[in-house]
Amino acid sequence: MVQTIAIEKVTLYELEQTFGLQQTQENSFFHEWQEQLPALTPEEQQRLERVRAAYQNLERRSVLENTVKLAVVAPLLDLAGFFLPPFYVETEKEVQIAVEDENIQLRGKIDVLVLKEQFWVLVIETKRAELSLKVGIPQALAYMFKGSPNRPSYGLVTNGSSFMFLKLVQQSQPLYARSKEFLLNQDQGLEKTLQIMKRLATLLSEETL
């Protein structure tokens, strides 16, 4: 009998036991979020100021998942070029992952799926935007296992005010790494987030050529 596990309930421990996933601390493993980041234009910086102002207005009330998508995630995807070819965006896509040689299946829905399952965006579904990103990391990694085992997969986890990038490489020993956490209102965190997204967009578009 096949055991089905909801992805939104999966833990890092279960991913380690099921897939052999391990976190690496090697800086060279996930260098993409630190190196060769593109400069932002004045127009892009102005757009980010509007995103920041919109979020500050929304958080005075209640920040829901769908509101975060509209006010924060969609503008970032647009500015990074993910709405243009060769990319496409799918929302609320159901994903099923079967584990070989085990009667286990992970099932769930990803909030935003970009570029042929190579870049995954997970918006934490919560009414409390201050909820730690840690709750979304296992979910994002579980979805990223659906990507090609021959190429790295990248993920972005956000609750609207914080952002963290992930990289997964599926080899004989699946490895992943995290970026630092970027805050919307501190240390140019929103700007850094867009720069990293643009960097990843460039890398992934080159792979499709």
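Relevant structure appears above.
Residues numbered from 1 in each chain as written. Predicted model: local features only at pLDDT ≥ 70, side-chain atom pairs only at ≥ 80, totals over all residues. Heavy atoms only, no water.

Colleague: Help me understand the pattern of salt bridges in this model?
Modeller: Pairs can form between side chains of opposite charge whenever their charged atoms are close. According to the stated counting rule, one finds five salt bridges in the structure shown. Linking E44 and K198 is a salt bridge whose minimum nitrogen-to-oxygen distance equals 2.8 Å. In this pair, E44 sits in helix α2 (residues 42-58) while K198 sits in helix α5 (residues 189-207), placing the two residues 154 residues apart along the sequence. Across this residue pair, the class does not change: E44 and K198 are buried. Salt-bridge contacts for D78 lead to R47; the nearest nitrogen and oxygen are separated by 3.5 Å. Within this pair, whereas D78 is found in helix α3 (residues 65-80), its partner R47 is found in helix α2, the two being separated by 31 residues in sequence. Overall, R47 belongs to the partly exposed group, its relative accessible area being 30%. What you see here is one network of salt bridges that share partners, running through E49, R52 and E191. (Salt bridge = Lys/Arg side-chain N within 4 Å of Asp/Glu carboxyl O. Helix = DSSP H or I, 4+ residues; strand = E, 2+ residues; numbered from the N terminus. Buried < 20%, exposed > 50% of the residue type's maximum accessible area, 1.4 Å probe, protein only.)

Colleague: So what exactly am I meant to see when it comes to the packing of α2 against α5 here?
Modeller: Geometrically, a packed helix pair is captured by the angle between its two axes and the distance between the axes. One can describe the packing of α2 onto α5 by two numbers: an axis separation of 10 Å at closest approach and a directional angle of 125 degrees. In terms of orientation, α2 and α5 fall into the oblique class. Viewed along their axes, α2 and α5 form a crossing whose handedness is right-handed. Of the residues in α5, those touching α2 at E44, L48, E49, V51 and R52 are L190, E191, L194 and K198. (Axes fitted to C-alpha atoms, helices over the stretch in contact; angles between N-to-C directions. Parallel < 35°, antiparallel > 145°, perpendicular 65-115°, else oblique. Left-handed = near helix turned anticlockwise from the far one by under 90°. Contact = heavy atoms within 4.5 Å.)

Colleague: Please clarify how the packing of aromatic side chains should be interpreted in this entry.
Modeller: Two descriptors summarise a pair of aromatic rings, namely the distance from one centre to the other and the angle between the planes of the rings. Taken as a whole, this structure holds seven aromatic pairs when the rule is applied. Ring geometry for F19 versus F145: centroids 4.1 Å apart, planes at 15 degrees, classification stacked. Linking F19 in helix α1 (residues 12-19) with F145 in the loop between α4 (137-144) and β6 (153-158), this pair joins segments that are 126 residues apart in sequence. On the basis of relative accessible area, F145 is assigned to the buried category, the value being 8%. Here the aromatic residues W33, F165 and F182 are joined through ring pairs into a cluster of three or more. Looking at K167, its charged tip hangs above the ring of F29, at a distance of 5.2 Å from the centre. (Phe/Tyr/Trp six-rings, centres within 6.5 Å; stacked < 30°, edge-to-face > 60°. Lys NZ or Arg CZ within 6 Å of the ring centre and 35° of its normal.)

Colleague: Is there a simple way to explain the nonpolar core in this structure?
Modeller: Soluble globular proteins tend to bury their nonpolar side chains together. Within the largest apolar cluster, 37 residues are counted, with the highest numbers of intra-cluster contacts made by V72, L76, F82, F119, F163, F165 and M197. Taken together, the elements giving at least two residues each to this core come down to α2, α3, β5 (119-123), β6, β7 (162-169) and α5. Contact partners of L76, with chain neighbours within four places excluded, come to L48, F163, L190, T193, L194 and M197. Among the nonpolar cores identified, the runner-up in size contains 20 residues, and A140, M144, F145 and L168 belong to it. (Core = buried A, V, L, I, M, F, W, Y, C linked by side-chain atoms within 4.5 Å.)

Colleague: What's the story with the environment of Q34 in this structure? I'm lost.
Modeller: Counting through the fold element by element, Q34 comes out in the loop between β2 (22-23) and α2. For Q34, a relative accessible area of 42% corresponds to the partly exposed category.

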